[in-house]
Amino acid sequence: MNRGYMGKILMVDLSRGEISEEVIPDNVYENYLSGLGLGAYILFNRIPAGADPLGPDNILGFLTGLLTGTGSFFSGRWMVAGKSPLTGCWGDANCGGNLSPAIKRCGYDGIFFKGISEKPVYLYVDSGRAELRDASSLWGKDAVETEETLLLEGGKGARVACIGQAGENRSLIAGICNDKGRLAARSGLGAVMGSKRLKALVVNGKRRIQPFNRHEIKRLSQSCNRWVQFQPPLFSGPALSRVGTLMRLLPTQMAQDGLLYKFFLKKWGTVSMNQVSIEIGDSPIKNWKGTNEDFGPGRSLTVNPDAITGREFVKYHCYGCPLGCGGKCSLPGQKGGETHKPEYETVLALGGLCMNEDADSIFHMNEMLNRAGMDTISAGGTVAFALECYEKGILTKDDTGGLELTWGNAPAILALVEKMIRREGIGDVLADGTKVAARRIGKGSEAFAMHVGGQEPAMHDGRNDPGFNVHYAVEATPGRHTIGAQLYYEMFQLWKEVKGIPRAKPLYSKDRKYLADHEKAVMAAACSKYMNVANGAGLCMFGLLMGVTRTPLFAWLNAATGWRKTPGQYLDIGARIQTLKQAFNIKHGVDPRSIRVSDRMLGKPALPAGANKGRTTDLEKVRGNYWDQFGWDPETGVPDPEALERLGIKT
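Presented here is a report on the structure given in the accompanying data block. Each residue is numbered by its place in its chain's sequence as written, counting from 1. Two thresholds apply to this predicted model, a pLDDT of at least 70 for residue-level local features and 80 or more for giving and counting side-chain atom pairs, whereas whole-chain, interface and lining totals are computed over all residues. Values reported for side chains reflect all heavy atoms of the structure, with hydrogen atoms and water molecules removed beforehand.

### Regarding the overall build of the protein
Phase 1: The secondary structure listing takes helices from DSSP runs of H or I that are at least 4 residues long and strands from runs of E that are at least 2 residues long, numbered from the N terminus. Along the protein, the regular secondary structure elements total 28 helices and 17 strands.
Phase 2: Principal-axis analysis of the C-alpha atoms gives the protein an extent of 60 × 55 × 50 Å.
Phase 3: To sort residues, take the accessible area from a 1.4 Å probe on protein chains only and compare it with the maximum for the residue type: under 20% means buried, over 50% means exposed, and anything in between is partly exposed. For the protein, the proportion of its 651 residues judged to be buried stands at 65%.
Phase 4: Long-range contacts, defined here as pairs at least 24 residues apart, represent 72% of the contacts in the protein between residues at least 6 apart.
Phase 5: For every accessible area listed, the method is Shrake-Rupley and the probe measures 1.4 Å; residues are considered covered only by the protein chains on display. For the protein, the accessible surface area stands at approximately 22300 Å², while carbon and sulfur atoms represent 50% of it.
Phase 6: The charged-residue count follows a simple rule in which Lys and Arg add positive charge and Asp and Glu add negative charge, with His and chain termini not counted at all. One atom stands in for each charge, and that atom is NZ of Lys, CZ of Arg, CG of Asp or CD of Glu. Put simply, the protein has 79 plus and 67 minus side-chain charges, and the middle of one group is 5 Å from the middle of the other. Throughout, a contact is declared for two residues whenever any of their heavy atoms are within 4.5 Å.

### Some points on the environment of Asp465
Phase 1: Locating Asp465 in the fold gives a position in the loop between α19 (434-441) and α20 (466-474).
Phase 2: Given a relative accessible area of 6%, Asp465 falls into the buried group.
Phase 3: Through-space distance from the C-alpha of Asp465 to that of Gln486 is 6.5 Å; in sequence the pair is 21 residues apart.
Phase 4: Sequence-distant contacts of Asp465, defined by excluding residues within four places in its chain, comprise Ala485, Gln486 and Leu487.
Phase 5: One polar contact links the side chain of Asp465 to the main-chain amide nitrogen of Leu487, over a distance of 3.0 Å. Here a polar contact is recorded for every N or O atom pair within 3.5 Å, except that within protein the pair must consist of a potential hydrogen donor and a potential acceptor, and residues adjacent in sequence are included only if both atoms are side-chain atoms.

### Topic: the pairing of strand β3 (residues 60-64)
Phase 1: Counting buried positions along β3 yields five of five residues, so the element is predominantly enclosed.
Phase 2: Of the two faces of β3, the one lined by Leu60, Phe62 and Thr64 and the one lined by Gly61 and Leu63 are each fully buried.
Phase 3: Two strands qualify as a pair provided DSSP detects at least 2 bridges between them. In terms of strand pairing, β3 meets strand β6 (residues 110-114) through four bridges, oriented antiparallel. Bridged to Leu60 within β6 is Phe113.
Phase 4: Pairing of β3 with strand β4 (residues 78-83), which is carried by four bridges, proceeds in the antiparallel orientation. Paired with Gly61 across the two strands is Ala81, which belongs to β4.

### Structural notes on the sheet that holds strand β16 (residues 338-340)
Phase 1: Across the sheet, which stays open at both edges, the three strands sit in the order β14-β15-β16 with antiparallel pairing between neighbours. At either end of the open sheet lies a strand with only one pairing partner, and these are β14 (312-316) and β16. Taking the axes of each pair of neighbouring strands and ignoring which way they run, one obtains an average angle of 20° across the sheet.
Phase 2: Note that strand β15 (residues 326-330) and β16 share three bridges and pair antiparallel. Only the contacting stretch of a helix is used when fitting its axis, a line to C-alpha atoms as for every element, and angles between N-to-C directions run 0 to 180 degrees.

### Let's talk about the environment of Arg219
Phase 1: Looking at the secondary structure, you find Arg219 in helix α7 (residues 214-229).
Phase 2: Taking the C-alpha atoms as reference, Arg219 lies 23 Å from Cys325; in sequence the two are 106 residues apart.

### Let's talk about the nonpolar core
Side chains of a nonpolar character, in soluble globular proteins, are inclined to be buried together.
Phase 1: Membership of the largest hydrophobic core comes to 173 residues, with the highest contact counts inside it found for Phe492 and Leu553.
Phase 2: The element that contributes the greatest number of residues to this core is helix α22 (residues 518-537), accounting for twelve residues.
Phase 3: With sequence-adjacent residues up to four places away left out, Phe492 is seen in contact with Ile483, Cys527, Tyr530, Met531, Met541, Leu544, Leu545, Gly547 and Val548.
Phase 4: Among the buried residues, those of types Ala, Val, Leu, Ile, Met, Phe, Trp, Tyr and Cys that are joined through side-chain atoms within 4.5 Å form a nonpolar core. Residues Phe62, Cys106, Ile111 and Phe113 belong to the second largest nonpolar core, which totals 29 residues.

### Some thoughts on helix α8 (residues 239-249)
Phase 1: Regarding α8, the residues found buried are Ala239, Leu240, Ser241 and Gly244.
Phase 2: Considering only its buried residues, α8 is in contact with α9 (258-268), α10 (274-280), α11 (297-300) and α12 (305-309).

### A closer look at the pattern of salt bridges
Phase 1: Any carboxyl oxygen of Asp or Glu that lies within 4 Å of a side-chain nitrogen of Lys or Arg is treated as forming a salt bridge with it. Within this structure, the stated rule accounts for 35 salt bridges.
Phase 2: A salt bridge links Glu388 to Arg600; the shortest N-O distance between them is 2.9 Å. Highlighted residues: Glu388 in helix α15 (residues 376-391) and Arg600 in helix α26 (residues 599-602), separated in sequence by 212 residues.
Phase 3: Residue Arg600 is classed as buried on the basis of its relative accessible area, which comes to 18%.
Phase 4: The salt bridge partner of Arg596 is Glu620, with a shortest N-O separation of 3.4 Å.

### Some remarks on α20
Phase 1: With nine of its nine residues buried, α20 lies for the most part within the structure.
Phase 2: Each element contacted by the buried residues of α20 is listed here: α21 (486-492), α22, α25 (567-587), α26 and α27 (619-629).
Phase 3: Near the N-terminus of α20, the side chain that reaches the backbone nitrogen of Gly467, with its oxygen 2.9 Å away, is that of Asp465.

### Examining unusual backbone geometry
Among all residues save glycine, negative phi is the norm, and among peptide bonds the norm is trans.
Phase 1: In this structure, the amide linkage connecting Lys604 to the following residue, Pro605, adopts the cis form with an omega of 5°.
Phase 2: Along the chain, Pro605 falls in the loop between α26 and α27.
Phase 3: One non-glycine residue, Lys180, adopts positive backbone phi at about 60°.
Phase 4: Relative to the helices and strands, Lys180 is located in the loop between β10 (176-178) and β11 (182-184).
Phase 5: With a relative accessible area of 34%, Lys180 lands in the partly exposed category.
Phase 6: A positive phi is found at Gln493, a non-glycine position, where the angle reads about 55°.

### Comments concerning the sheet that holds strand β1 (residues 8-13)
Phase 1: The strand order across the open sheet built from six strands is β2-β1-β6-β3-β4-β5, with neighbouring strands paired in mixed fashion. Here the strands that pair on one side only, and so sit at the sheet edges, are β2 (18-23) and β5 (90-95). For this sheet, the mean angle separating the axes of adjacent strands, direction not counted, is 20°.
Phase 2: Where β1 and β6 come together, five bridges link them in parallel fashion. Residue pairing across strands places Leu10 opposite Ile111, the latter belonging to β6.

Written out as C-alpha cells, the structure reads:
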C-alpha cells in the first residue's frame, strides 16, 4: 500500500566496500516516522556504546522526510545524523536545498555509512545502482568546486552533498554542503564524513513517490498556500530597528503570531530580524557580554534588511517551498562573484557578536565558510571568544601570527577565519570550536568560551527568551536553537489541535517569561515533541511557525500514510523519538546533568544595562520538570524503565 515512505534504506560499509539494501518494517515508520526518527532508530541500535565519533564504528546517516515528494509544502529538508564529535552526544543537522527528494527517488528513506575507506571516495546512487567511486582528484577542492564537478559526472538530475576543506581537515565545527554552499552545519558531522574519507554523496533517482491520498494532500497544500501568499505591504528595512526599540520599551508583551514573521521572511528572508533582534535583546553582542547599547541602530544599520537584500540579484525556493526566503547576492569587490544571501545567524555571529559592522567582510566570510563547509555560527562564536582572549591578554600578537584581534577589526577577523579554515597557526587552535580551543589555550580562557556541551549557541539569547536556554540544555543535541522557545510555542499554536496543553496568553507582563513554573516545562516538552514529528516528516521550521492550523502537519501525515492518528498520538511519537535520542546519550556515557549553559548566558551575573538588564534565568527547576514530562528521572534526566517499556524502546 502507498504510504509516502519508500520502505528501504541503503547501508554502505566503507571499510569493506560493501553496499546492501535493507527493508524497514512498517511498524518502524508508525513508531518513528522517517527522517530523524528513522535515523534515531537505526543509530541507537547499531552504534556500539562508547564508539569514537571519528572512528569506523560511528554511522553517518543521510535522511529524507516522510512527507518529502508527496506534494506537502515545506517538506524538502534533508537531514544528517550520527554521534557528534563536537559534543560526544547525539548529533544531527538539516538543510533545505535539493537533496532530499533525490534520495527518496533513488528508492530509499535513508543512506547510512559505516567504516572508513582506505582512500577518498564518493557514493553514486541512481534508481537501480549504487557504487563507490574514487574521489582522490576531488580531495582538497572546496564544496562548490566539488559539487560542480560531480554534477557533470552524475548527469542530468543529479544532486550532491559533499564536504569542503573543513570536513577533510576534521574540524569539529565542519558541516555538510548541498546546492553549492548551503550547509547542514551543526554537530560537526562534516568531520565524521571527512574521517570516513567520504567526499560526497551523489544521488540521481527517478522513482515515483506514492502517498496514500494525493488529492487530499493537494487540497491541504492549496489551503496552506493561501496563507503563504497573503502579503500586505511592509515598511522599510531600517524602520525595523525602531520596531525593535518599541518592543523593548514596552512593559508588556503580546503573544507572537507567526504569520507576521512569515511576512518578513517572504520580503527579506531571515535577515529581516537583524536589527529587531539586537534591539530587543535576542541577539547576543560582544561574546555575550555586551548589549544593544554597544551595537545600536547606528552601528547595525550596515546590516539592516534592505542593505542585505540590496545585493540580492535573485530569490530562490527550496524544494517544495512556496515561501522562498533564500537568495543569491553579488559578492562585494569581485566582478561576477556571488554568494548565498547570508542568513540571520551568520550576519549576527560574524557581526554583532564580534562588534563587526563591516557588511562587506561578512559577505566574504559567508562565502569562504560555505565553500570550506564550516558552520558560520560556531565560527563566529569562536572568533568572538578569541577576541575576548586577546582583550584580556590571554592571546597576544605572537600567538595570533601578528593579527591584532581587537573588537570589530574586520580585516583581522577575516584573516582569522582564513586561518581557521586552513588550520594554520592560531587557526588550528580555534578550528574545533570554543570548548576545545579553551582547553588548548588554558590561562582561564574557559570563562570566555560560550558553548553548551561543546556546541556554540545560535544568535538567540536566553536572557531575553528563557525558553532558548531550556532547549540549549535539554535537547539531546546540546545548544540547539531550532526546537523550542517561548516564542516558538506561541507561533506553533499547538493548543488549537492538541488537548491538555496551555494556551498562550495574548498579552502578558515580560516578567512572566522568567517564572520557572510547571507550565514552562509543559510548553517546552510540547515543542520538542512537535519538532521531532516535523523532523520525521522533513518539514521546514519556517513553515511550521505560521501555526499548526495554517501548516497542517498532522493532516498531511494522515493523508500521506493512510493512518488516522490524532495530533496527540503524533506527539506521542515525538516523545518516543526524544526518549530514544536521550537513551542514545545515556548509552554513550553522557550524563544529562553535565550539559551546562554558561553562567554568562544565564545572566549570572546579570547585565547592568541594555535590553536584558537584570535578567537571570532559573534553568534547573524547569529542566527537572521538563524531564518529568517524558517519564525521565527529574533529578538525573535518565529515562525510567517504565517509560522505555511503555514506548517500546529496548536498551
